[in-house]
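A structural walkthrough
Letter by letter, the chains look like this.
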Amino acid sequence: MDYKYIEQLIERYWACETSLEEERILHAFFSQKEVPDGLEKYRALFAAGQAEAVPARLSAGFEDRILGMVEGRQPRHARVVAFRQRLMPLFRAVAVVAIILTIGNVANVSLQRQQPGGDINYASYKDTFSDPKVAYDKMENALELVSEGISQAQSADTAAVKAGADANDSSAAE
């Protein structure tokens, strides 16, 4: 006997494409006493569905017991929560952040006041050189050193930019 239709239904069942009527056909087929050997492995799947199809029945006094339990309790009413009460956790979080920021700012200001050397006292200022020519030469030497350092950094930056541009040009040519 040819069981192509049943095999097609099983394939459609695994693909979740069967209708309820087609699943009933599969259940009816596998509830028979004789099933081909090739389809025997599916019997437990579809025969189990028939056993589960029997509806469960409640005991005779079940409904009375449930109603008795429900009637004995006072009904609960929904609690009305004001908008302000909903936002109270947010207000608390904002207050904590404000306190932390205030303490941080106070600590920062107090630490800045304790650091010496921020202001120059021009009344106690003294020149270190008595000869202006010596002071001028020392300043000129210091500025030359700064100028050389800037020039070296600028040339190094220019070389790095040029090398990067050459690398980009060679990679673009490839």
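Refer to the preceding data block for the structure.
Just so it is clear, the model here is predicted, and its values are computed rather than measured.

Quick notes on the packing of helix H1 (residues 4-14) against helix H2 (residues 20-30)
For the pair H1 and H2, interaxial distance at closest approach is 10 Å and the crossing angle is 125°. Classified by the angle their axes make, H1 and H2 are oblique. You can see that H1 and H2 cross each other, and the crossing is left-handed. Listed contacts from H2 to Tyr-5, Ile-6, Leu-9, Ile-10, Arg-12 and Tyr-13 of H1 are Glu-22, Glu-23, Ile-25, Leu-26, Phe-29 and Phe-30. A breakdown of the residues in the contact of H1 with H2 according to their chemical character gives nine nonpolar, no polar and three charged.

Notes on the pattern of salt bridges
Taken as a whole and judged by the stated rule, the model has four salt bridges. Measuring nitrogen to oxygen at the nearest pair gives 4.0 Å for the salt bridge that ties Asp-137 to Lys-133. Here Asp-137 and its partner Lys-133 are both found in helix H7 (residues 132-173), four residues apart, which amounts to about one turn of the helix.

Description of the packing of aromatic side chains
Applying the stated criterion across every chain, the model contains six aromatic pairs. Where Tyr-13 meets Trp-14, the ring centres are 5.6 Å apart and the plane angle is 70°; that geometry is what we call edge-to-face. Using a relative accessible area of 24% as the deciding quantity, one classes Tyr-13 as partly exposed. Look at Trp-14 and Tyr-42: their rings are 6.5 Å apart centre to centre, the planes differ by 50°, and that puts the pair in the tilted class. Here Trp-14 is found in helix H1, whereas its partner Tyr-42 is found in the loop between H2 and helix H3 (43-52), with 28 residues between them in sequence. Three or more aromatic residues joined by ring pairs form one cluster here, namely Tyr-3, Tyr-13, Trp-14, Phe-29, Phe-30, Tyr-42 and Phe-46.

About the thresholds
- Residues numbered from 1 in each chain as written.
- Predicted model: local features only at pLDDT ≥ 70, side-chain atom pairs only at ≥ 80, totals over all residues.
- Heavy atoms only, no water.
- Axes fitted to C-alpha atoms, helices over the stretch in contact; angles between N-to-C directions.
- Helix = DSSP H or I, 4+ residues; strand = E, 2+ residues; numbered from the N terminus.
- Parallel < 35°, antiparallel > 145°, perpendicular 65-115°, else oblique.
- Left-handed = near helix turned anticlockwise from the far one by under 90°.
- Contact = heavy atoms within 4.5 Å.
- Nonpolar A, V, L, I, M, F, W, Y, C, P; charged D, E, K, R; others polar.
- Salt bridge = Lys/Arg side-chain N within 4 Å of Asp/Glu carboxyl O.
- Phe/Tyr/Trp six-rings, centres within 6.5 Å; stacked < 30°, edge-to-face > 60°.
- Buried < 20%, exposed > 50% of the residue type's maximum accessible area, 1.4 Å probe, protein only.

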